[in-house]
Number of protein chains: 2
Amino acid sequence: MTYAALIAQARTTAALEAVAERLGWDQETMMPDGAGPQRAEEMAAMAAVLHARAVDPQVGDWLAELDEAALDDVARAQVRLMRRAHDRATRMPADLVAELARTRSMAHRAWAAARASEDVAAFLPHLARIVALKQQEAAAVAGNGPAYDALLDDYEPGATGAEVAAMFDALRPRLVALRAACLDRPAPAGLTGHFAPEAQMALAGKVAVAFGYDLTHGRIDRAVHPFSSGSGLDVRITTRTAADDPFNCLYSTIHEVGHATYEQNIDRAYLMTPVGRGVSMGVHESQSRIYENQLGRSRALTGWIFDQMRDAFGDFGVADASAFYLAVNRLRPGFIRTEADEVQYNLHVMLRFDLERALIAGDLAVGDLEAAWNDRFARDFGYAVDRPSHGLLQDVHWSEGLFGYFPTYTLGNVYAGCLHAALRADVPDLDAALAVGDTSPATHWLRDKVQRHGGLYAAREVITRAIGQEPGEGPLLDYLEAKFGAIYGV
Amino acid sequence: MTYAALIAQARTTAALEAVAERLGWDQETMMPDGAGPQRAEEMAAMAAVLHARAVDPQVGDWLAELDEAALDDVARAQVRLMRRAHDRATRMPADLVAELARTRSMAHRAWAAARASEDVAAFLPHLARIVALKQQEAAAVAGNGPAYDALLDDYEPGATGAEVAAMFDALRPRLVALRAACLDRPAPAGLTGHFAPEAQMALAGKVAVAFGYDLTHGRIDRAVHPFSSGSGLDVRITTRTAADDPFNCLYSTIHEVGHATYEQNIDRAYLMTPVGRGVSMGVHESQSRIYENQLGRSRALTGWIFDQMRDAFGDFGVADASAFYLAVNRLRPGFIRTEADEVQYNLHVMLRFDLERALIAGDLAVGDLEAAWNDRFARDFGYAVDRPSHGLLQDVHWSEGLFGYFPTYTLGNVYAGCLHAALRADVPDLDAALAVGDTSPATHWLRDKVQRHGGLYAAREVITRAIGQEPGEGPLLDYLEAKFGAIYGV
């Protein structure tokens, strides 16, 4: 009966977390402009309710008295996740939680102002406080391991900084070389013209459904930043439209559909329980990236997308599917992570990973961060950062204390590379289906191998089981070199 | 400091109530079809959180030790509302709360099925259980007074069944006579044609703003049933569109704007506190009704609305503002409360009030309800109910246990009559403003006299202060007889 009590408690917590998440969605999509201050109180009240549940001593007592040997595999996975959440919450001193919330809020505002005025010096004192508090958090929740690992573990349970660093160190030289070689060649033509936002949204809906997104348990709205929100029976996505760039809407949508279908496809038996959510940020990102890149930017599927674009916009100045494939996959020099292509994206991420790991370890002072960023950027990209908003002020993450989050983006790409190689081996004729807009051989494979399990297995274990071996950076590199080598003739 | 602790607790409760209310809005407007079962768990989890707060013994202790003499008027009003909520919640036995929730849920489904199949007998056993449970609730929360009053008090604090009955008994004969006289005359022409739903929504937005609805703290969406939702900085309304009946959208919108501006216009100093909400259902309804009827269906404002209709729909077959005024205000025989006009609406309500009061008092058996309904309907309306869905199965209220709710509709109309008379006396040239679509002399008067106070005064006291005397049914009757006497020449 102790397990029944625990799972009932966890179900209610999952329901309340879903409410808080829905509130966040509302804030970005529907909320009237003037409601902000009230919404802040509402969010704070929900956070207080959830925190009280997370540290409830009754849960600790139940977890202590539980006889795990009597449980089945699913129940043991539920308990593992409950124990993890309870331990992490109870180890955090209440005053540190409050201080972090206050500091984050101030730092976020300071960052936005600093970015707008290109004023690094105005942001650094806030960043220094955030780093100090995150170091305290790491000390509170960590065992004897490195401080950074305790933060990374919040987003990618079980991962360690050393293991991620080894993988990234192997990725970097080949990506730097591939990037340089491609940018040395003439760039394919991009898109020009006006693409009506309403037609973009209609196309986004069609493509989302083609990727298996279930609109009876979801919806698509516009927001400033694309995101996926919710779990189980109610998983909503947002996208955005720019009249001169239909790829922004299209590929944001496919990316978020990857996240959303992961949540939608988790075994319904796990609905509203700890196991009923995606297992980690890295595995989540593997789904969004394989949908967006390995499938969405493939030669086969872009042929079908080209036809849909012609249906939606008429002749938009791209001659044929081959030219469209090049336009979708062209590389350009740039400074901004979120605008980067498949090849360059990971270079942006790995730069941040190394810097934030050094910051948390105390090996890099906040005062030296800008120089370190700019130096590393010049080495990897071959040109200098021209302004702070193109450099260390471009991302929101550090201002919100999200240390340990960045590497999950590239971990997701690495996992996507592994999954894609295994998928192609299992489904050799995949391209024939993709060419007519049928993603189901791929999305059903992913549902079966990864998505339906939710949090049943540990993050890395899900991937290992799916591909039949330990994941590594090799398949991603092989894929990128083959794809962009062919496009650019390098 | 006890008061500070209490008001902090109440603020968090208000924030969580706002969250639950927003969730309800989402369910009716945005939620994907398949999310229902999950949403039910989310709502139940929020209800459990709110119930635990309502019966928190700490609040009881604080309320007991508080020195009220040291408080100012606003703080005393806050404490009065907190004490009321705490007392009511703690008096309800937990098993009765659970049993009511279960029975209500089953009764609601049984009612919907019974209404669809015109099967009264299938609903009555559920209704009998609901009535028995509501009698238990009344016994638990009531002092020594009548059981019905304990239920009425939940919607209209301080009102008694006897006082309401006396008012309604005075209303009824003159309304029956006025109705019969009007229906004896030729009916004015109504609208025909097709009115594009999008144009209706655009017009609704324009009219809502003309009535002072603040869209920076609200929004308008479509839903099956029009409603207003939220308080303070985020008060949203819904409306509905029928292509052959633009009045449905138009007057639903104006009605809900009355509710919504009441919440928006409460003194911001009371934001997210017990005093920061509309004081009662009756006073709330007085605002929605005076907006909808005394202002929205006035000869002066309908002249302006006629021009807006012409702008929105072109020539829609109504010759001029006079014919439009008649079309807006025409009476027709009918069975359905929600479709009734200003004259007949209250007859529907008073019928329900008398019947439900007798049910709760034990003076009327559930088995005799249909005969009692049909008999009373024939007496007041002059023709027989032709099917149960036009009779006692038409409303959702009883299936959800909402006994004591119906009379607040007519109480609202009575209050609206009182407020309108006082408003006309204070603003003699109101029609000149209304004729050009300027409602501000009326809406500012209502804001100043009623809305801004929120729950600072008791319900009846708000009206008494606004009009300078005790409210009564006279002004409403005088207004209706004058208006419809002129229209119908009776």
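Residues numbered from 1 in each chain as written. Chains lettered and ligands numbered in written order. Predicted model: local features only at pLDDT ≥ 70, side-chain atom pairs only at ≥ 80, totals over all residues. Heavy atoms only, no water.

1. As for the relation of the copies chain B and chain A
Superposing the two chain copies requires a rotation about an axis and a translation along that axis.
Move 1: When chain B is fitted to chain A, the residual RMSD is 0.0 Å, and the transformation amounts to a turn of 180 degrees plus an axial shift of 0.1 Å. Taken together, the rotation and translation describe the operation of a two-fold axis.
Move 2: A symmetric contact is evident, with 100% of the interface residues of chain B recurring at the interface of chain A. (Least-squares fit on C-alpha atoms with pLDDT ≥ 70 in both. Contact = heavy atoms within 4.5 Å.)

2. What to know about the sheet that holds strand β1 (residues 220–222) of chain B
Residues and elements named next belong to chain B.
Move 1: If you walk across this open sheet you meet the 3 strands as β1-β3-β2, and the pairing is mixed. In this open sheet, the two strands that pair with only one neighbour each are β1 and β2 (228–231). Recorded for the sheet is a direction-independent mean angle of 20 degrees between the axes of neighbouring strands.
Move 2: Strand direction decides the pairing type here: β1 and strand β3 (residues 234–239), joined by 3 bridges, are parallel. The residue bridging Arg222 from the neighbouring strand is Thr239, located in β3. (Pairing = 2+ DSSP bridges. Helix = DSSP H or I, 4+ residues; strand = E, 2+ residues; numbered from the N terminus. Axes fitted to C-alpha atoms, helices over the stretch in contact; angles between N-to-C directions.)

3. What about the domain arrangement of chain A?
Residues and elements named next belong to chain A.
Move 1: Entries for chain A in the domain assignment read domain 1 (2–145) and domain 2 (146–490).
Move 2: Here domain 1 and domain 2 have C-alpha centroids that lie 25 Å from each other.
Move 3: With 44 residues of domain 1 in contact, the opposing surface of domain 2 contributes 48 residues.
Move 4: Each partner contributes to the roughly 3,900 Å² buried at the junction of domain 1 and domain 2, and carbon and sulfur atoms together form 63% of this total.
Move 5: Counting the surface domain 1 buries against domain 2, the share from its top three residues, Arg22, Trp25 and Glu118, is 14%.
Move 6: Taken together, the connections running from domain 1 to domain 2 amount to 4 salt bridges.
Move 7: Measuring nitrogen to oxygen at the nearest pair gives 3.2 Å for the salt bridge that ties Glu21 to Arg277. (Domains from an automatic or database assignment. Buried area = accessible area lost by both parts, 1.4 Å probe. Salt bridge = Lys/Arg side-chain N within 4 Å of Asp/Glu carboxyl O.)

4. Structural notes on the packing of helix α8 (residues 161–183) of chain A against helix α14 (residues 342–361) of chain A
All names here are of chain A.
Move 1: Contact geometry for α8 and α14: axes closest at 9 Å, N-to-C directions at 140 degrees. It follows from the interaxial angle that α8 and α14 lie oblique. Crossing hand, α8 versus α14: left-handed. Contacts between α8 and α14 involve Gly161, Ala162, Val164, Ala165, Phe168, Leu171, Arg172, Leu175, Val176, Leu178, Arg179 and Leu183 from the first element and Val343, Gln344, Asn346, Leu347, Met350, Phe353 and Arg357 from the second.
Move 2: A breakdown of the residues in the contact of α8 with α14 according to their chemical character gives 13 nonpolar, 3 polar and 3 charged. (Parallel < 35°, antiparallel > 145°, perpendicular 65-115°, else oblique. Left-handed = near helix turned anticlockwise from the far one by under 90°. Nonpolar A, V, L, I, M, F, W, Y, C, P; charged D, E, K, R; others polar.)

5. Describing the packing of aromatic side chains
Residue and element names in this part refer to chain A.
Move 1: Under the definition given, this model contains 42 aromatic pairs over all chains.
Move 2: Arranged with centres 5.7 Å apart and planes meeting at 25 degrees, the rings of Phe335 and Phe377 form a pair that is stacked. Separated by 42 residues along the polypeptide, Phe335 in the loop between α13 (321–328) and α14 and Phe377 in helix α15 (residues 369–381) bring together distant segments of the chain. Accessibility assignment for this pair places Phe335 and Phe377 in one class, buried.
Move 3: Every member of this aromatic cluster is reached through a ring pair, and the members are Tyr155, Tyr345, Trp373, Trp398, Phe403, Tyr405, Phe406 and Tyr409.
Move 4: The side chain of Arg297 reaches across the aromatic face of Tyr251, ending 4.1 Å from its centre. (Phe/Tyr/Trp six-rings, centres within 6.5 Å; stacked < 30°, edge-to-face > 60°. Buried < 20%, exposed > 50% of the residue type's maximum accessible area, 1.4 Å probe, protein only. Lys NZ or Arg CZ within 6 Å of the ring centre and 35° of its normal.)

6. Comments concerning the side chain of A:Arg236
Move 1: If you trace the backbone, A:Arg236 turns up in strand β3 (residues 234–239).
Move 2: Within the structure, the side chain of A:Arg236 is placed 2.7 Å from the side chain of B:Asp26, a separation counted as a polar contact. (Polar contact = N/O pair within 3.5 Å; in protein donor to acceptor, adjacent residues only side chain to side chain.)

7. Comments concerning the pattern of salt bridges
Move 1: For the coordinates displayed, the defined rule picks out 70 salt bridges over all chains.
Move 2: Here A:Lys483 and A:Glu342 are joined by a salt bridge, their closest N and O atoms 2.7 Å apart. Here the residue A:Lys483 occupies a position in helix α20 (residues 474–488), and A:Glu342 occupies one in helix α14, the gap between them amounting to 141 residues. Each member of the pair, A:Lys483 as well as A:Glu342, carries the same accessibility label: buried.
Move 3: The salt bridge partner of B:Arg379 is B:Asp375, with a shortest N-O separation of 3.3 Å. Placement of both B:Arg379 and B:Asp375 in helix α15 (residues 369–381) is noted, with a separation of 4 residues, approximately one turn of the helix.
Move 4: Salt bridges sharing partners connect three or more residues here, namely A:Arg22, A:Asp234, A:Arg236, B:Asp26, B:Arg39 and B:Glu42.

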